[in-house]
Amino acid sequence: MLTKIRERAADAPLRQEFLGGEVDFRTLAEAIACAIFISQGERLHYVNHAAETITGYAREELLSMNFWDLVHPDYRELVLNRGGVLPGDAEQYEVKILTENGDERWLVIRTAMIEFDGVLSSLVSAFDLTERKHAEEKVQLLAVTDPLTGLGNYRRLVEALDTEVKRTKRTGRPFAILLLDLDQLKKINDRYGHLIGSQALCRVADVLRIFCRAIDTAARYGGDEFAVILPETTAAAARVVASRIRSRLATDSLQPALSASIGVAVYPQDGETMEALLRTADCELYGMKPV
């Protein structure tokens, strides 16, 4: 557009009109919320104020960079795999960038080839999606989180089990699951009240967090029922974890005293489906319940 303005502005009577059009373009670009990045060769040739705001870089800094310098390392291959954009074509997709202070931000970008200042240029227009992404993540987290204990819920347990079954089928390495039942919860509720009963459940959840590795998944999937999925864990190793959980509960100085029955099952030898695996662990658990 600017090139056409300049060409037609060569006609002296029209010069001021079209130079005014170029000024209007830049004025508009500086006022809009959409970030604009125009690259020529290996460097940015023009950026607007919104680009500075989103990236945290001053305009002078951005003009010494290329837009792809901003892209998060995890997304650079995705961008490269999309290849070039032909003149007249446009692409739209989401990328994550790193701002000047290292924060991560999500952008939806649209790329196109244009003529700018008489030179074929790459145009990237971008809107900030970060707040929307964070809101979506919170909603997704709430959907798989037990509101009382903060552990995963039944949905999270099923998702994690499905993931581990698929992983074991690929790698051949087993995983274990612990099913844990808080003993005598009804008696605790009857004697101390439901508030103390809820606190007892949270105490169990805290113990599970202590013994969970980063790769493990702990969930509360029923009133007094918990599960821990232990990737790449044998039956012997899983029973060690179960023993430590019981010992930690037994030595807790808080009242009322807590104890738990724990069943162990290992995929695939104790069950080749999620249902069979849970059934095996459940049978062992109830064989240990106090009378």
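Residues numbered from 1 in each chain as written. Predicted model: local features only at pLDDT ≥ 70, side-chain atom pairs only at ≥ 80, totals over all residues. Heavy atoms only, no water.

K.L.:
Can you walk me through helix H8 (residues 185–192) in this structure?
P.N.:
Of all the positions in H8, only Leu185, Ile188 and Asn189 are classed as buried. The arc enclosing the buried residues of H8, seen along the axis, measures out at 95°, which places them on a common side. In H8, the exposed positions angled more than 90 degrees off the buried face are occupied by Lys186, Lys187, Asp190 and Arg191. Buried residues in H8 make contact with strand S6 (175–182) and helix H9 (194–211). Remark: Gly193 follows H8 within two positions and exhibits a positive phi of approximately 100°. (Buried < 20%, exposed > 50% of the residue type's maximum accessible area, 1.4 Å probe, protein only. Helix = DSSP H or I, 4+ residues; strand = E, 2+ residues; numbered from the N terminus. Arc of directions from axis to C-beta. Contact = heavy atoms within 4.5 Å.)

K.L.:
Got a minute to help me understand the environment of Thr55 in this structure?
P.N.:
Examined against the element boundaries, Thr55 turns out to sit in helix H3 (residues 49–55). If we ignore the near neighbours within four places in the chain, the residues touching Thr55 are Phe37, Leu62, Leu70, Ile97, Thr99 and Glu100.

K.L.:
Just to check I follow, could you spell out the side chain of Gln40 for this structure?
P.N.:
Along the chain, the position of Gln40 falls in strand S1 (residues 35–40). Of the polar contacts made by the side chain of Gln40, one reaches the backbone oxygen of Phe116; its length is 2.9 Å. When sequence neighbours within four positions are dropped, the list of residues in contact with Gln40 reads His45, Phe116, Asp117, Val119 and Ser121. (Polar contact = N/O pair within 3.5 Å; in protein donor to acceptor, adjacent residues only side chain to side chain.)

K.L.:
What is the right way to look at the nonpolar core in this model?
P.N.:
Generally speaking, a soluble globular protein has its nonpolar side chains buried in company with each other. Formed by 27 residues in total, the largest nonpolar core has its most connected members in Leu178, Leu180, Val204, Leu208, Phe226 and Ile245. At the level of elements, S6, H8, H9, strand S8 (225–230), helix H10 (235–250) and strand S9 (260–267) are the ones that each hand at least two residues to this core. When residues of this core are assigned to their parent elements, the largest contribution, six residues, is made by H9. With residues near it in sequence (within four places) discarded, Leu208 still touches Leu151, Leu180, Ala218, Phe226, Val228 and Ile245. The next biggest cluster of nonpolar side chains, apart from the first, holds 24 residues, and it includes Val47, Val71, Tyr93 and Trp106. (Core = buried A, V, L, I, M, F, W, Y, C linked by side-chain atoms within 4.5 Å.)

K.L.:
Please clarify how the pattern of salt bridges should be interpreted in this entry.
P.N.:
Side-chain pairs of opposite charge can arise whenever the charged atoms involved come near each other. In the structure shown here, the tally under the stated rule is 17 salt bridges. Ionic pairing is found between Glu94 and Lys133, a salt bridge with its closest N-O pair at 2.8 Å. In this pair, Glu94 is assigned in strand S3 (residues 90–98) and Lys133 in helix H6 (residues 130–143), connecting sequence segments 39 residues apart. Members of the salt-bridge network, linked through shared partners, are Glu94, Arg132, Lys133 and Glu136. (Salt bridge = Lys/Arg side-chain N within 4 Å of Asp/Glu carboxyl O.)

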